[in-house]
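# An overview of the molecular structure
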Protein chains: 2
Amino acid sequence: MADTKIRLFVDQPLGAGQVIALNEGQANYLFAVMRLGVGAAIRVFNGRDGEWRAEVAEAGKRKGLLMCDVQTAPLQMPPDLWLLFAPIKKARTDFIVEKATELGAARVIPVQTRFTNADRIRIDKLRAHAVEAAEQCGGTYVPQVDEVVPLEKLLANWPAERRILWCNEHLAGVAEALPDGGEVGPWAILIGPEGGFSEAEQARLAAMPQVVQASLGPRILRADTAAVAALTLWQAQLGDWR
Amino acid sequence: MADTKIRLFVDQPLGAGQVIALNEGQANYLFAVMRLGVGAAIRVFNGRDGEWRAEVAEAGKRKGLLMCDVQTAPLQMPPDLWLLFAPIKKARTDFIVEKATELGAARVIPVQTRFTNADRIRIDKLRAHAVEAAEQCGGTYVPQVDEVVPLEKLLANWPAERRILWCNEHLAGVAEALPDGGEVGPWAILIGPEGGFSEAEQARLAAMPQVVQASLGPRILRADTAAVAALTLWQAQLGDWR
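Residues numbered from 1 in each chain as written. Chains lettered and ligands numbered in written order. Predicted model: local features only at pLDDT ≥ 70, side-chain atom pairs only at ≥ 80, totals over all residues. Heavy atoms only, no water.

### What about the interface of chain B and chain A?
Each partner contributes residues to the interface: chain B has 30 residues there, and chain A has 30 residues. In this assembly, chain B packs against chain A so that about 2800 Å² is buried in total across both faces, 55% of it on carbon and sulfur atoms. The largest per-residue losses of area from chain B upon contact with chain A belong to B:Glu102, B:Arg219 and B:Trp241, which jointly make up 25% of the total buried on that side. Connecting chain B to chain A are ten salt bridges. For A:Arg92, the salt bridge goes to B:Glu98, with nearest N and O atoms at 2.8 Å. For the pair chain B and chain A, the number of links is 20 residue pairs in polar contact (both at pLDDT 80 or more). At the level of secondary structure, the elements contributing two or more residues to the side of chain B that touches chain A comprise helix H2 (90-103), helix H3 (123-137) and helix H7 (223-238) of chain B. Within the side of chain B that touches chain A, the residues separate by chemical class into 13 nonpolar, nine polar and eight charged. (Contact = heavy atoms within 4.5 Å. Buried area = accessible area lost by both parts, 1.4 Å probe. Salt bridge = Lys/Arg side-chain N within 4 Å of Asp/Glu carboxyl O. Polar contact = N/O pair within 3.5 Å; in protein donor to acceptor, adjacent residues only side chain to side chain. Helix = DSSP H or I, 4+ residues; strand = E, 2+ residues; numbered from the N terminus. Nonpolar A, V, L, I, M, F, W, Y, C, P; charged D, E, K, R; others polar.)

### Let's talk about the domain arrangement of chain A
All names here are of chain A. Taken domain by domain, chain A holds domain 1 (7-73) and domain 2 (81-238). Each of domain 1 and domain 2 has a C-alpha centre, and these two points are 33 Å apart. Taken together, the eight residues of domain 1 in the interface contact eight residues of domain 2. Here domain 1 meets domain 2 over a buried area of about 620 Å², counting both sides, of which 64% is carbon and sulfur. Counting across the domain 1 and domain 2 interface gives zero salt bridges. Here domain 1 is connected to domain 2 by six residue pairs in polar contact (both at pLDDT 80 or more). A total of three residues in the side of domain 1 that touches domain 2 trace back to one element, the largest contributor, which is strand E1 (residues 7-9). The residue makeup of the side of domain 1 that touches domain 2, split by class, is three nonpolar, two polar and three charged. (Domains from an automatic or database assignment.)

### Re a nonpolar patch on the surface
A surface patch of nonpolar side chains, about 250 Å² in accessible area, is lined by A:Tyr29, A:Val33 and A:Met34. Looking at the secondary structure, you find A:Met34 in the loop between helix H1 (24-33) and strand E3 (41-45). (Patch = residues over 30% accessible without salt bridge, like charges linked within 9 Å, V, L, I, M, F, W, Y side chains within 5 Å. Areas by Shrake-Rupley, 256 points an atom, 1.4 Å probe, with all protein chains shown as cover.)

### Examining the sheet that holds strand E5 (residues 64-73) of chain B
All names here are of chain B. Spatially, five strands are ordered E1-E3-E4-E5-E2 in an open sheet, and the strand pairing comes out mixed. Edge strands, defined here as strands with exactly one partner in the open sheet, are strand E1 (7-9) and strand E2 (19-22). Sheet twist, expressed as the mean angle between neighbouring strand axes with direction ignored, is 40 degrees. As defined by bridge partners, E2 adjoins E5 across four bridges and the pair is classed as antiparallel. Bridge pairing links valine 19 to methionine 67 in E5. Here helix H1 (residues 24-33) sits on the sheet in contact with E1, E2, strand E3 (41-45), strand E4 (51-59) and E5, set at roughly 95 degrees to E2. (Pairing = 2+ DSSP bridges. Axes fitted to C-alpha atoms, helices over the stretch in contact; angles between N-to-C directions.)

This is the structure we're talking about:
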């Protein structure tokens, strides 16, 4: 049987001869939805051990076993880049997590700002979106998705060496603002809520030595567009798109 | 009464003292949804005459009149940049048009490729999305949205001077591929379908002198992500984000 193009994230150790026990959701997807049978091969990854070829060894209604065969790709870590964003409407929040995974962020942190309405954030759903995006985009890594944290608290304990790209809609010229070449080090991108940051938040950010202010053009971008644009510019100039 | 933050696209001439007749949808939005009354002021634009302040002169159930007052912003045209994309699932196609408007494309052309499924594209809906995005992002211009056109036909009549940024997932380094500085001239960005271009399409594109091939990093991007990323890189390097 020819190998399928299916990629599955499994939170278990991977290695030659390693047996992988499938949970109910995975078994349902592989055997009921995709109609795979014993002997079919898929690709699996766990975010740590790269990508492996695995064959179906047992296929049940609510369970199943895969047997790991050979490694098909090494682990490819994204740059040490965090995305901080203020959650917005559900579909657009899902979208931001999906795009952060595709574009290569290492960690995604939803932040509670003065003007954020983050009542209904379901972190488990966001994590599932990150997994699905990694399965789709061929990545071998799934970004960590944190619980919502107050921006104030996050900034109070901010690491001295981690720079922050703050996309401030009142400035012009992101390309100029980013350092060019050299050792990159740890970074974060900060995207504000649709209502913008409060004056106190703006003053706090502007006073931090780690902050690099940048703008994303002459039009006002939605938060989800701004997240994708900022990740793109960072990756092209400082990240693994270079 | 303080001015509202409402921005409305009206397809009518704008100027001092100009009267604007509202259609049923616009009257419903302003008077029933937003509950504006006579004397309330909004911003209007038509894609040609910049942005104007206009006051409600008459408010009816299915109609109404606005009176143009003063210009609040000049017309700001985006760069001469077209976005060509192969339509995908509905929500993601809507999203591409929204993002192209926000990021500043002048024209959006859905293309039928060998592996495109564009049966259900509703161009009127896509145009409404472009209008809504322009209203939201503070733009004074709405990109033209064309009917779906076969890629082959489009390329057969392609203008000699309009360059094409082709986002080819098998290459690396978009930043190197784009010319740096100087006169920019007319451009287009071409985003392929989820299934990729056919071999014949790839050969056709590779042979065109106008084509600049570029890649968008080591992960495989969905078509909607690729569209936003390519627009961002182009705008930052050659467009009005510089």
